[in-house]
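Take a look at the letters that make up each chain.
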Amino acid sequence: MLKRLRNDFQLSIITLMGFFGALGITPYAIYRLLHGNYLVGTADTVIVISTLSAVFYAWRTGDTVKPGIYLACIFSVGSTLIAINLGVNGLFWIYPLILFNFFMVSPGKAIAATLMVLLSLVGHALWVPGSVFESQYQMVSFLVTNMMAGVLTFIFAYRTRHQREQLQGLAIRDPLTGARNRRAMDDELKIAVSSKRRHGRSYSVLAMDLDHFKQINDQYGHPAGDQVLVSFVALIKAGSRKEDRLFRVGGEEFLLLLPDTSLSGLEAAAAHLQKLVRELLRSPGGTVSVSIGGAILRTDEPWPNLLQRADQCLYQAKSAGRDCTIIDRSEEGSPVASLPTAGPATTL
Ligand SMILES: Nc1nc2c(ncn2[C@@H]2O[C@H](COP(=O)(O)OP(=O)(O)OP(=O)(O)O)[C@@H](O)[C@H]2O)c(=O)[nH]1
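Note that the coordinates shown come from a computational prediction; the quantities given were computed from them, not determined experimentally. (Residues numbered from 1 in each chain as written. Predicted model: local features only at pLDDT ≥ 70, side-chain atom pairs only at ≥ 80, totals over all residues.)

A. Highlighting the overall build of the chain. Regarding its fold elements, the chain presents 13 helices and eight strands. Within the chain, residue pairs in contact and separated by at least 24 positions form 63% of the contacts whose partners lie at least 6 positions apart. (Helix = DSSP H or I, 4+ residues; strand = E, 2+ residues; numbered from the N terminus. Contact = placed C-beta atoms within 7 Å.)

So, in structure tokens, the structure goes:
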């Protein structure tokens, strides 16, 4: 639990805000309900319950985007209603609301929510004079200070978000090719195993290794080899589906993770990518080819096993003369064969 809080910034913010939001608003809800202010008391109660539900949902599903939007909406509408109902005393809630929204949703959405809240308050004040603000001067001061708070928070949130995304990118991507790195692969494969177990979603992998890559380095230099790797990644990304994930496992070894792909789909994807590489990937010395080994994730199979099966097939593809694909077709439950022989496999 602590590890999740440490690693998932958005989840920790939702939990923190949810916890303090519920803790801070509950006494107000009780006080107002006890003193007969049922409208505001009910609004407070709805906010508390919604907050706790959103935190629960975020923890259960790991999805922090929907709860963030939901909380920002609920808190914006709730605070606006409270400010309209309580007048000046309720206006103080708008300041923390602005900060809250910038933590919950993207800076663009947060600034839009801030504008909606301010427009609603000013609109209501103009419609029913004296209902929200005590004077025009107070209304203008409130608007100016809120706009300043909103713009400054926008700049801060935009910068930190940008830097966070850059850091996350650096942590999970290979700097040369931009493909995801081994650490990201381990994480994604763990998620695939649990998603297969919990939701029955199918996953396949293609282990890919460029053929005779050492010769390119030896004959034309390391920069030429680097360029081939960069072009290879661009080709595979262009030739695979958006939801497929490409990882650089080692020097010229890559792994493609394909969700929702059957055996025939995996064969078709491998054949398509292999053809693409054969026809379009070039080194200074001419065409470059790739050998591929494929496997489909079994129920409750540890992910290193899946990689081992795909690697065995890749090894067979290399032994079979390279520039070909071998897919592991062995049945669920059959043991993983040790190198160099794999289970029944097809050469494409
Ligand atoms: N240019 C470049 N070369 C790399 C990089 N990482 C690893 N290599 C080289 O990749 C080569 C891999 O060679 P081998 O493992 O013998 O593979 P191969 O020559 O492709 O032979 P087969 O896989 O059997 O077809 C080595 O020469 C490594 O130095 C890199 O980031 N850039």
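Right, picking up where we left off after that structure.
B. Local environment of the packing of helix α4 (residues 65-86) against helix α7 (residues 107-127). Put simply, α4 and α7 touch, their axes get as near as 10 Å, and they point 20 degrees apart. Accordingly, the angle class assigned to the pair α4 and α7 is roughly parallel. Considering the relative orientation of α4 and α7, their crossing is right-handed. The residues of α7 that touch α4, namely those facing A72, S76, S79, T80, A83 and I84, are A113, M116, V117, S120, L121 and H124. Residues belonging to the contact of α4 with α7 are distributed by class as follows: seven nonpolar, five polar and no charged. (Axes fitted to C-alpha atoms, helices over the stretch in contact; angles between N-to-C directions. Parallel < 35°, antiparallel > 145°, perpendicular 65-115°, else oblique. Left-handed = near helix turned anticlockwise from the far one by under 90°. Nonpolar A, V, L, I, M, F, W, Y, C, P; charged D, E, K, R; others polar.)

C. Region of the structure containing the site of the ligand. Around the ligand, the surrounding shell holds 16 residues, and the nearest of these are D211, F213, K214, G225 and G251. Secondary structure elements with two or more residues in the shell around the ligand: β1 (203-210), α10 (213-220) and α11 (222-239). With four residues, α11 is the largest single contributor of residues to the shell around the ligand. (Near = placed C-beta within 6 Å.)

D. Highlighting the nonpolar core. V205, L206, A207, L255, L256 and I292 are the most contacted members of the largest nonpolar core, which has 42 residues in total. Tallying contributions element by element places β1 first for this core, with six residues. Aside from chain neighbours lying at most four places away, what touches V205 is L255, L256, L257, G294, A295, L306 and A310. Grouped together as the second largest cluster of nonpolar side chains are 35 residues, A29, A83, F100 and F133 included. (Core = buried A, V, L, I, M, F, W, Y, C linked by C-beta atoms within 7 Å. Buried ≥ 20, exposed ≤ 12 C-beta atoms within 10 Å, placed from the backbone.)

E. Expanded view of unusual backbone geometry. A positive phi angle is found at D300, which is not glycine, with a value near 60 degrees. Its location among the elements puts D300 in the loop between β6 (290-296) and α13 (303-319). For D323, which is not glycine, the phi torsion reads 50 degrees and is therefore positive. Along the polypeptide, D323 turns up in the loop between α13 and β7 (325-328).

F. Layout of the confidence of the model for the chain. Of the residues in the chain, 95% reach a pLDDT of 70 or more, and the chain-wide mean stands at 89. Segment residues 336-344 is flagged for pLDDT under 50; beyond a separation of four residues in sequence, or across chains, it makes 19 contacts in the model. The ipTM, which scores confidence in the relative placement of chains, is 0.92 for this predicted complex, and the corresponding pTM is 0.66. (pLDDT = per-residue confidence, 0-100.)

G. Main features of the UniProt feature "transmembrane region" (unreviewed entry) in the chain. UniProt's feature table lists "transmembrane region" (unreviewed entry) at residues 12-31, 38-57, 69-98, 110-127 and 139-158, given in the numbering used throughout. Between the end C-alpha atoms of residues 12-31 there is a gap of 29 Å, over a span that is 100% helix and 0% strand. Here residues 110-127 is 100% helix and 0% strand, with 26 Å between the C-alpha atoms at its ends. (UniProt positions renumbered as here; feature names shortened; annotations may be inferred.)

H. Focus on the environment of D311. Locating D311 in the fold gives a position in helix α13. Note: C-alpha distance between D311 and L255 (56 residues apart in sequence) is 9.9 Å. Contacts of D311, omitting those with residues within four sequence positions, involve A207 and G293.

I. Looking closely at helix α8 (residues 136-172). Compared with the 54 Å implied by 1.5 Å per residue over 37 residues, the 53 Å span of α8 between its first and last C-alpha is a close match. Lining the buried residues of α8 we find α5 (88-91), α6 (94-104) and α7. (Expected span 1.5 Å × (residues − 1).)

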